[in-house]
Amino acid sequence: MKDCTDMNTLAEAIDFHLAYTVGKTADAASVTDWRLALSRAVRDRLILPWFEATRRTYAQNNKRVYYLSIEYLLGRILEDATRNLGLEDEAREALAARGIDFAEVVHDEPDAALGNGGLGRLAACFLDSLSCLGIPAYGYGIRYAHGLFRQSFDQGRQVEMAEEWLRHQHNWEFERAECVYDIGFGGDVREQGGRAVWTPGEVVDAQAYDTPVPGWRARWVNTLRLWSAKPKRAFDLEPFNRGEYMQAAAPEVFAESISRVLYPDDSTETGRTLRLKQEYFFTSASLQDLLRRFLAHNPDPRALPAQVAIQMNDTHPAIAGPELVRLLTDGHGIAFDEAFDIARATLNYTNHTLLPEALESWETRLMAAVLPRHMQIIERIDARLRKDAGARKATSRIVENGKVNMGTLAFTCANRVNGVSALHTDLMKRTVFADLHGIYPDRILNETNGVTPRRWLHGCNPGLRRLLDETIGEAWVCDLERLAAIAPLADDAAFRARFMQVKAANKRRLADWVRAELGVAISPEAMFDIQIKRIHEYKRQLMNALETAALANAIRRDPEAGWTPRVKIFGGKAAPAYHDAKNIIRLINDIAATVNADPVIGDRLKVLYPPNYNVSMAEILIPAADLSEQISTAGKEASGTGNMKFALNGAVTIGTLDGANVEIRDHVGDDNIYIFGMTADEVEAARAGYAAQDHIDRSPVLKEVIDQIREGVYSPDEPTRHWPVLEKLLRDDYFMVAADFDAYWAAQRRVDQGFADRDGWARKAVLNTAHSGWFSSDRTIRGYARDIWQVRSLLGDRA
């Protein structure tokens, strides 16, 4: 088969696509046109490896992994793919010869708005590692038209706007107009001939869009298949001809709303209904698709577990259990108990939270209205759970108090249930799933999260990449634990100097970006102290904000006390209906405005909150960080992956013993991390009789800030603006901000002292990078393949 490589150079392929795909001449082409042409030229080079991976999977009758995730936070694809294929220099030279800047072209690409935070970024890292390791896999999700919102600030308030990432053609995907499945909602269920027959009241089409996902150097290419909702009939001409134009378009509006926005506001009945429909929509389409593929080569659906491993990424695809049972019973005539056993042998569940409110639940009346057949099956699965519990005094129920508990459903329907850090997995067994662990004692296991080094070091930190390549060779990019070879060089003054020169260059790049985007001048000599993650009370951005205000007070009182200059950077979005989190964002922005305008404080402290945090912003912030803020309440962060990215790029962590911070400490050593605060067990022990006011009264530093907020120091035009934050803190400090504040303040002063010893800090930074190799998503995926999926690589020794 002829392919794009028959064109002698990448430059020829770019010229071809500019003319014949984009339809432009070079003198008329915009930066976007050049980006589209380069994207097609690079994508062409993935096609034959993609076909070959599929051919080998079928030829060897290999088991496939199907990863179901409601979100994928991919980031920009063009620069990553160009680097991955080893085409970066050729692409830069080809564009330069045409008077075009490569960096401007790749930065013209919008981030694919398909995710929010760690859940979606983890899914993207896992797809990368699955391909790098040569494990046959599909990722399944939703092709959101607008995805998560674009964030801006209006007088410090978060404002949500529609994300327009699909405004231009998405050049990495292939539309599969022939790959369409019916997805039903509502209606009724009747018995016919001993079988349940579901007649949905509404039906939409799920249409597939495929994006190739290459491993390193495209030795293996897997598929990300995203579903877009389409109407069965796009347009109703009869009402249109009567002048009822909105009614004519109603089928299209209804269908497209399902795949329009990630995480629609669920504070209303309409929003909750849409969310449930979204989750069923992509789960059903994915299961129908993988069953079709399986049955094309294996006529007996009972053999499904031998050839298929399905991973549910959190509870959003938990409806997969009832749906797979429905497809096997109603579609293939398999009895319920056998169908359930097949489903459970095929499905696996990753838990990402210990927060009860994050373990989704749906009102039984809503489930019965939207998915009546599934409600019947859920009740039978619940009966199976009670049967499995036997004589145990088990309290777990799937259907309880008018709710369907999706975490319990996912656990009951799964062959394996994994946590994502050692601490999280232990707490799963002792807390949220203690009852289920007693019923199924061999089901829970741990697979600590990881991050892909291809994007999160090789790609985002080219200076460090070059230093590592020169020092230990290039093999680390697919074998990250080779970084341990630089550990002895932490005691080499010349290497430390080169390492910190890379960090300084990254900080200058960030300072230039801040000046261009925010109009604020910051000194690269200051400590860059960064907390970037979605805004949630358990992540305790509030504690960071209060400490920032307290530090400003201390500087203002004694500006000549030899303060370590700091730049505090926050980043992240709050869910539109999460008003407490949005209040915290506004407080942070008001503190920033007050601090940055204070001439006494000056460059000793700057506070920044760039809007619309995303993957591309993270790729600028993380390599420049000196200090990584990982300060969640112990026992509440399942793992975290930002902590791993920061450490990998030579940032030192300040954090609690929560999530993967525990394992980071174990790997980098106590001397190279700043740990503070209560442990998970201490947090729970402190809850009895806890009152935030008691801790505030014992802390003059914290009390001063609380009084300032109450008096309107940070909002003089509206003194009561931040009273809701204080009221919540005093009434319900569930995440122990007040209790841990003094320990956090003290740890930050130790950080000041550590950073002042620049040579000692450089040693810490080197050792953080050296000992972060274990936190590769390649290691994580090998664990899933071995312990959960029982699937092998088709790259053999090259994996």
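Residues numbered from 1 in each chain as written. Predicted model: local features only at pLDDT ≥ 70, side-chain atom pairs only at ≥ 80, totals over all residues. Heavy atoms only, no water.

J.: Honestly, the sheet that holds strand E2 (residues 137–142) in this entry has me stumped. Any pointers?
T.: Remark on secondary structure: sheet strands pair via backbone hydrogen bonds, oriented parallel or antiparallel. Overall, mixed pairing links the 9 strands, which are arranged E5-E8-E9-E2-E1-E10-E11-E15-E16 in an open sheet. Strand pairing shows two members of the sheet lacking a second neighbour, strand E5 (174–185) and strand E16 (444–446), which therefore form its edges. The sheet shows a mean angle of 25 degrees between the axes of neighbouring strands, taken without regard to direction. Where strand E1 (residues 64–68) and strand E10 (residues 308–313) come together, 5 bridges link them in parallel fashion. From the neighbouring strand, Tyr67 faces E10, where its bridge partner is Gln311. Along the sheet face, helix H6 (residues 118–132) touches E1, E2, strand E8 (202–214), strand E9 (221–231) and E10 and points at about 55 degrees away from the line of E8. (Pairing = 2+ DSSP bridges. Helix = DSSP H or I, 4+ residues; strand = E, 2+ residues; numbered from the N terminus. Axes fitted to C-alpha atoms, helices over the stretch in contact; angles between N-to-C directions. Contact = heavy atoms within 4.5 Å.)

J.: Would you mind showing me how to read helix H2 (residues 31–59) here?
T.: Along an α-helix, residues three or four positions apart point the same way, because every turn accommodates 3.6 residues. With 29 residues, H2 extends 43 Å from end C-alpha to end C-alpha; this agrees with the ideal 42 Å at 1.5 Å per step. Considering bend angle alone, the principal kink of H2 is centred on Ile47 and spans about 25 degrees; proline Pro49 follows within four residues of it. Looking one or two places after H2, you find Asn61, whose phi comes out positive at around 50 degrees. (Expected span 1.5 Å × (residues − 1). Bend = angle between axes of the 7 residues up to and from the residue.)

J.: How should unusual backbone geometry be read in this particular structure?
T.: Peptide bonds are trans in most cases, and residues, glycine excluded, mostly fall at negative phi. For Asn61, which is not glycine, the phi dihedral falls at a positive 50 degrees. Within the fold, Asn61 resides in the loop between H2 and E1. The backbone of Arg217 shows a phi angle near 60 degrees, a positive value even though the residue is not glycine. Inspection of the secondary structure puts Arg217 in the loop between E8 and E9. Overall, Arg217 belongs to the partly exposed group, its relative accessible area being 39%. (Buried < 20%, exposed > 50% of the residue type's maximum accessible area, 1.4 Å probe, protein only.)

J.: So what exactly am I meant to see when it comes to the packing of aromatic side chains here?
T.: The geometry of two aromatic rings is summed up by the distance between their centres and the angle between their planes. Considering all chains together, one arrives at 26 aromatic pairs under this definition. For the pair Trp50 and Phe174, a centre-to-centre distance of 5.4 Å together with 40 degrees between the ring planes defines the contact as tilted. Residue Trp50 is located in helix H2, and its partner Phe174 is located in strand E5; the two are separated by 124 residues in the primary sequence. A residue is classified by how much of its surface remains accessible, and Trp50, at 5% relative accessible area, is buried. Ring centres of Phe411 and Phe433 lie 5.1 Å apart, and the angle between their planes is 50 degrees; on these two criteria the pair is classed as tilted. (Phe/Tyr/Trp six-rings, centres within 6.5 Å; stacked < 30°, edge-to-face > 60°.)

Nothing here speaks to function; it is all geometry.
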